[in-house]
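Chain and residue survey
So the chains spell out like this:
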Amino acid sequence: AKPRTVFSGIQPTGIPHLGNYLGALSNWVKLQNENPNDRLIFSVVGWHALTLPQNPKELATSRRDMLAVLLAVGLDPKRSIIFHQDSNAMHTELAWILGCITPTGKLRRMTSWKTRLAQSRNANSESEVDESLLNAGLLTYPVLQAADILLYRATHVPVGEDQRQHLELSRDIADTFNRTFKKPLFPLPTSLITPAKRILSLKDPTSKMSKSAPDASSRILLTDPPSLIASKIRGAVTDSITTGIAYDSVARPGTSNLLAILAAIEDVEIESVARRCAEANMSHADLKREVTERVDALFEKPRAEFERIRGDPGYLEQVAKEGAEKAREISAVTMEQVRQRVGL
Ligand code: ADP
Ligand code: NA
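Keep in mind that what you see is a predicted model, and the values were worked out from it rather than measured.

This brings us to the site of ligand 1. Around ligand 1 there are 18 residues in total, and G19, G23, A24, G160 and K208 lie nearest to it. Per-element accounting of the shell around ligand 1 gives the leading share, 5 residues, to helix α1 (residues 18-34). Classifying every residue of the shell around ligand 1 gives 5 nonpolar, 8 polar and 5 charged.

Now the structure itself:
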């Protein structure tokens, strides 16, 4: 097969939770370990984090911690390019140029923008939307995302369902650039479908596990000690009326979410996990015990690695420096071509 260039980014917005791990990070490690010919580029995308208000001190910590997380879960800086987006200014240079060929109407049609608009409407409790509450970055960050991908002429992007529309826009922008300046430059990036592993909140299993939910016991963090993992899973909402274990995402979302967690960890179908649990006559308590054991085992090594790497700032700086150098080397080749085409 032709070697692929894979790009993916993650925002430095705190320690990842089980959903981030099973839905994104573990797939990156899998890509790295299963496709020796691919060029893999993973970025901590600090500029994207600025679309929401940040405490500068906390952001600086999160930025460093996220790099440590990527290394702790098993990404290898000798094999993959791992770097901070904000240490390669060519991302913003390309974003500006791409922004100038992107109609604002397209950006206003993004679901992410519409959601922000709706939120600003609620905040004012008026029917009129107040755009003064919305910074320009919230509208244009999908263009920065396109630049993140196209700067490396990436061919494949692992995306979750929530990012599909943005990848579509990236393809669109790449195509517009290629047509506008006649001599095609950018491959149209395609999504790398990873099996849907949407992990739900432990407290409200109708919404996804999220780092922004107010109840911290609704999510398990990569750094949670075993006792905390155990108490969070013990407190997970299940359907106490029903006895026995069965998969039914509509009638029994809490129980089904625990089964989905097991299935994702074991990398098997949810139905086969459900069957095994039913055949073993497991109770909810039994199921929670098993989930606790599996999550414990899953996070044991990354948690220890995170603590070790975080305690070695010299190493982190070295990785960041070398990653940025490699990223800039590839980007510079693209930008020379870009500037030539646009006439700069
Ligand atoms: P959050 O929603 O907690 O703020 P992000 O939006 O920063 O997380 O997502 C980072 C990555 O983790 C994305 O690839 C996203 O698709 C994935 N992800 C986030 N939450 C979940 C979840 N509950 N289950 C599976 N994957 C998830
Ligand atoms: Na999100």
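Picking up after the structure, the text goes on.
Along its 14 residues, helix α10 (residues 253-266) runs 20 Å from first to last C-alpha, staying within 8% of the 20 Å computed at 1.5 Å per residue. Of all the 14 residues making up α10, 11 are buried; the element is thus mostly covered by neighbouring parts of the structure. The elements touched by buried residues of α10 are α1, α11 (270-279) and α12 (284-310). Looking one or two residues beyond α10, the residue adopting positive phi is D267, at roughly 60°.

What follows is about unusual backbone geometry. Here the phi dihedral of R153 falls at roughly 45°; this positive angle occurs in a residue that is not glycine. Among the secondary structure elements, R153 is positioned in the loop between α7 (136-150) and β4 (156-158). For K182, which is not glycine, the phi dihedral falls at a positive 60°. Assignment of secondary structure puts K182 in the loop between α8 (164-180) and β5 (190-192).

A separate point is the domain arrangement of the protein chain. You can read the domains of the protein chain as domain 1 (5-198 + 313-342) and domain 2 (216-307). Here the C-alpha centre of domain 2 lies 31 Å away from the C-alpha centre of domain 1. In this assembly, 11 residues from domain 1 lie in contact with 11 residues from domain 2. Going through the elements one at a time, α1 and α3 (56-72) are the ones with two or more residues in the side of domain 1 that touches domain 2. Classifying every residue of the side of domain 1 that touches domain 2 gives 9 nonpolar, 1 polar and 1 charged.

Following both chains from N to C, one finds α3 and α12 inclined at 130°, their axes separated by 8 Å at the closest point. In terms of axis orientation, α3 runs oblique to α12. Viewed along their axes, α3 and α12 form a crossing whose handedness is right-handed. Residues D65, A68, V69, L71 and A72 of α3 form the contact with α12, whose participating residues are P302, E305, F306, I309 and R310. By residue class, the composition of the contact of α3 with α12 is 7 nonpolar, no polar and 3 charged.

Glancing now at the packing of helix α4 (residues 90-99) against α7. Look at α4 against α7: their axes get within 8 Å of each other, and the N-to-C directions meet at 120°. When the axis of α4 is compared with that of α7, the two are oblique. Between α4 and α7 lies a crossing whose hand is right-handed. Contact with α4, carried on its side by H91, L94, A95, L98 and G99, involves T140, V143, L144, A146, A147, D148 and L150 of α7 and no other residues of that element. For the contact of α4 with α7, the residue count by class is 8 nonpolar, 3 polar and 1 charged.

What follows concerns α3. Each α-helix turn comprises 3.6 residues. Residues three or four places apart therefore point the same way. Between its first and last C-alpha, α3 extends 24 Å over 17 residues, near the 24 Å set by a 1.5 Å rise per residue. For α3, the elements touching its buried residues are β1 (5-10), β2 (39-44), α2 (46-49), β3 (81-84), α12 and α13 (313-342). Count one or two residues on from α3 and you reach G74, which has phi positive near 120°.

A few words now on the pairing of β2. The buried count for β2 comes to 5 of 6 residues, which makes it a mostly enclosed element. Pairing geometry for β1 and β2, over 6 bridges, is parallel. Bridge pairing in β2 places T5 opposite R39. Viewed along the sheet, the connection from β1 through α1 into β2 turns out right-handed. Judged from the 4 bridges that link them, β2 and β3 form a sheet pairing that is parallel. Bridge pairing links V44 to H84 in β3.

Another aspect to go through is the environment of D267. Relative to the helices and strands, D267 resides in the loop between α10 and α11. Spatially, the C-alpha atoms of D267 and N257 are 15 Å apart, while their sequence positions differ by 10 residues.

Moving on, we get to the confidence of the model for the protein chain. Model confidence for the protein chain is summarised by a mean pLDDT of 94, while 97% of its residues fall at 70 or above. Across the interfaces of the predicted complex, the ipTM metric reaches 0.93, alongside a pTM of 0.94.

Here is what the cut-offs are and how they apply
- Residues numbered from 1 in each chain as written.
- Chains lettered and ligands numbered in written order.
- Predicted model: local features only at pLDDT ≥ 70, side-chain atom pairs only at ≥ 80, totals over all residues.
- Near = placed C-beta within 6 Å.
- Helix = DSSP H or I, 4+ residues; strand = E, 2+ residues; numbered from the N terminus.
- Nonpolar A, V, L, I, M, F, W, Y, C, P; charged D, E, K, R; others polar.
- Expected span 1.5 Å × (residues − 1).
- Buried ≥ 20, exposed ≤ 12 C-beta atoms within 10 Å, placed from the backbone.
- Contact = placed C-beta atoms within 7 Å.
- Domains from an automatic or database assignment.
- Axes fitted to C-alpha atoms, helices over the stretch in contact; angles between N-to-C directions.
- Parallel < 35°, antiparallel > 145°, perpendicular 65-115°, else oblique.
- Left-handed = near helix turned anticlockwise from the far one by under 90°.
- Pairing = 2+ DSSP bridges.
- Right-handed = clockwise from strand over helix to strand, strands pointing away.
- pLDDT = per-residue confidence, 0-100.

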